[in-house]
Amino acid sequence: MSSRRDDSEPVVPRSVAVIMDGNGRWAKRAGLERIRGHERGIDAVRTTVTECAQLGVEALTLYAFSEENWQRPQREIDLLFKLLLRFLVDERPTLMRNGVRLLHAGRRERLAPAVLRTLDETIALTAGNTGMLLCLAISYGGRQELVDAMQSLARRVAAGELRPEQIDDAAIRAALYQPQVPDPDLLIRTAGERRISNFLLWQISYAEIWVSDVCWPDFGREQLLEAFRDYGRRVRKFGKVL
Ligand code: FPP
């Protein structure tokens, strides 16, 4: 029996992660300022969150702001966080209606007090929701996450709470920012680049990768279903012989 599926049958992955790229290129092509691309990117975030929640995705992780993004011009950083703040407030009714629970992955140190407050309020508001986990990677880096995890494990060893030989896969996983988010089954990247860009380095070990040529502001239901259809055609061996 063939394990290939019919083209028309999207398969919904349990856990999805997205590198939302191409806002700037989208704006440039439209003859607009970069920030207009980010504004339109928010509409794509809204669509993707709602579609994934309604299709039955268990966890969606979005790369909203990387550690490296702090090197962008201050004006662009300020505008991005303004959009993020607005999203975290405006989307509350939609998140509640769809039973979505918000989580944050990343370092808190560089986030402004207003961002932390609003983020924490939305996390608290949605904490009782039992539907999809929406994990926003903000001020996030995959290497930084591993550094933070190693430091917390080392502190526990130094305090005598953990023996070095107890540091196994499960212990490292438990020390990551959001261990309850299942490893992504599907990693989507928009705007055509074939790079991981320091995203979820531990968690994507066995993720299937789908690169879409459309820029993030143009990513909608149709593109999501195209990714899920391709995911349905993948044969996942996890290193074994089938
Ligand atoms: C990449 O486009 C996108 C980002 C760096 C930020 C993504 C952020 C959003 C979509 C808005 C905020 C997010 C949430 C979850 C509310 P780019 O600027 O690198 O595009 P380019 O490579 O074409 O220049």
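Let me begin by describing the structure that accompanies this report. (Residues numbered from 1 in each chain as written. Predicted model: local features only at pLDDT ≥ 70, side-chain atom pairs only at ≥ 80, totals over all residues. Heavy atoms only, no water.)

Observations concerning the site of the ligand
Lining the immediate environment of the ligand, one finds 17 residues, of which Met-20, Gly-24, Arg-25, Arg-34 and Arg-72 sit closest. In the model, an oxygen atom of the ligand is placed 3.1 Å from a nitrogen or oxygen of the Asp-21 side chain. Note that an oxygen atom of the ligand is positioned 2.8 Å from one of the side-chain N or O atoms of Arg-72. Protein contact buries 92% of the 620 Å² of open area that the ligand shows by itself. Those elements that place two or more of their residues in the shell around the ligand are helix 1 (23–29), helix 2 (34–55) and helix 3 (74–90). If you tally residues by element for the shell around the ligand, the top one is helix 2, at four residues. (Near = heavy atom within 4 Å. Polar contact = N/O pair within 3.5 Å; in protein donor to acceptor, adjacent residues only side chain to side chain. Areas by Shrake-Rupley, 256 points an atom, 1.4 Å probe, with all protein chains shown as cover. Helix = DSSP H or I, 4+ residues; strand = E, 2+ residues; numbered from the N terminus.)

Notes on helix 5 (residues 113–126)
If you check helix 5, its first and last C-alpha atoms are 20 Å apart, about what 14 residues at 1.5 Å a residue would give, namely 20 Å. Those residues of helix 5 not exposed but buried are Val-115, Leu-116, Thr-118, Leu-119, Thr-122 and Thr-126. Those residues of helix 5 that are buried lie in contact with helix 3, helix 4 (92–97), strand 3 (101–105) and strand 4 (133–140). (Expected span 1.5 Å × (residues − 1). Buried < 20%, exposed > 50% of the residue type's maximum accessible area, 1.4 Å probe, protein only. Contact = heavy atoms within 4.5 Å.)

Brief notes about the packing of helix 3 against helix 5
Look at helix 3 against helix 5: their axes get within 9 Å of each other, and the N-to-C directions meet at 25°. In terms of orientation, helix 3 and helix 5 fall into the roughly parallel class. With respect to the hand of their crossing, helix 3 and helix 5 are arranged in left-handed fashion. The segment helix 3 lies against helix 5, with Phe-81, Leu-85, Leu-88 and Val-89 engaging Ala-114, Val-115, Thr-118, Leu-119 and Thr-122. Each residue belonging to the contact of helix 3 with helix 5 can be placed in one class, and the counts come to seven nonpolar, two polar and no charged. (Axes fitted to C-alpha atoms, helices over the stretch in contact; angles between N-to-C directions. Parallel < 35°, antiparallel > 145°, perpendicular 65-115°, else oblique. Left-handed = near helix turned anticlockwise from the far one by under 90°. Nonpolar A, V, L, I, M, F, W, Y, C, P; charged D, E, K, R; others polar.)

Considerations on the state of the cysteines
Scanning the model with the defined rule gives zero disulfides in all. The closest cysteine sulfur to the non-disulfide-bonded Cys-135 is located on Cys-52, 14 Å from its own sulfur. (Disulfide = S-S within 2.5 Å.)

Details of the sheet that holds strand 6 (residues 208–211)
The strand order 3-4-2-1-5-6 describes an open sheet built from six strands, whose pairing is parallel. Each having just a single partner strand, strand 3 and strand 6 make up the two edges of the open sheet. Within this sheet the neighbouring strands show an average axis-to-axis angle of 20°, counted without direction. Relative to strand 2 (residues 59–66), strand 1 (residues 15–19) is paired through five bridges, and the arrangement is parallel. The partner of Val-16 across the bridge, within strand 2, is Leu-60. Where helix 2 meets the sheet, its contacts fall on strand 2 and strand 4, and the angle it forms with strand 2 comes to roughly 160°. (Pairing = 2+ DSSP bridges.)

Examining the nonpolar core
With 43 residues, the main nonpolar core has Leu-60, Leu-62, Phe-81, Leu-134, Leu-136 and Ile-188 as its most contacted residues. Among the elements of the structure, strand 1, helix 2, strand 2, helix 3, helix 5, strand 4, strand 5 (186–189) and helix 8 (221–233) are those that each provide at least two residues to this core. Setting aside chain neighbours within four positions, we find Leu-60 in contact with Val-16, Val-18, Thr-48, Val-49, Cys-52, Met-132, Leu-133, Leu-134 and Cys-135. Counting 17 residues, the second largest nonpolar core, distinct from the first, contains Leu-103, Tyr-140, Val-181 and Phe-199. (Core = buried A, V, L, I, M, F, W, Y, C linked by side-chain atoms within 4.5 Å.)

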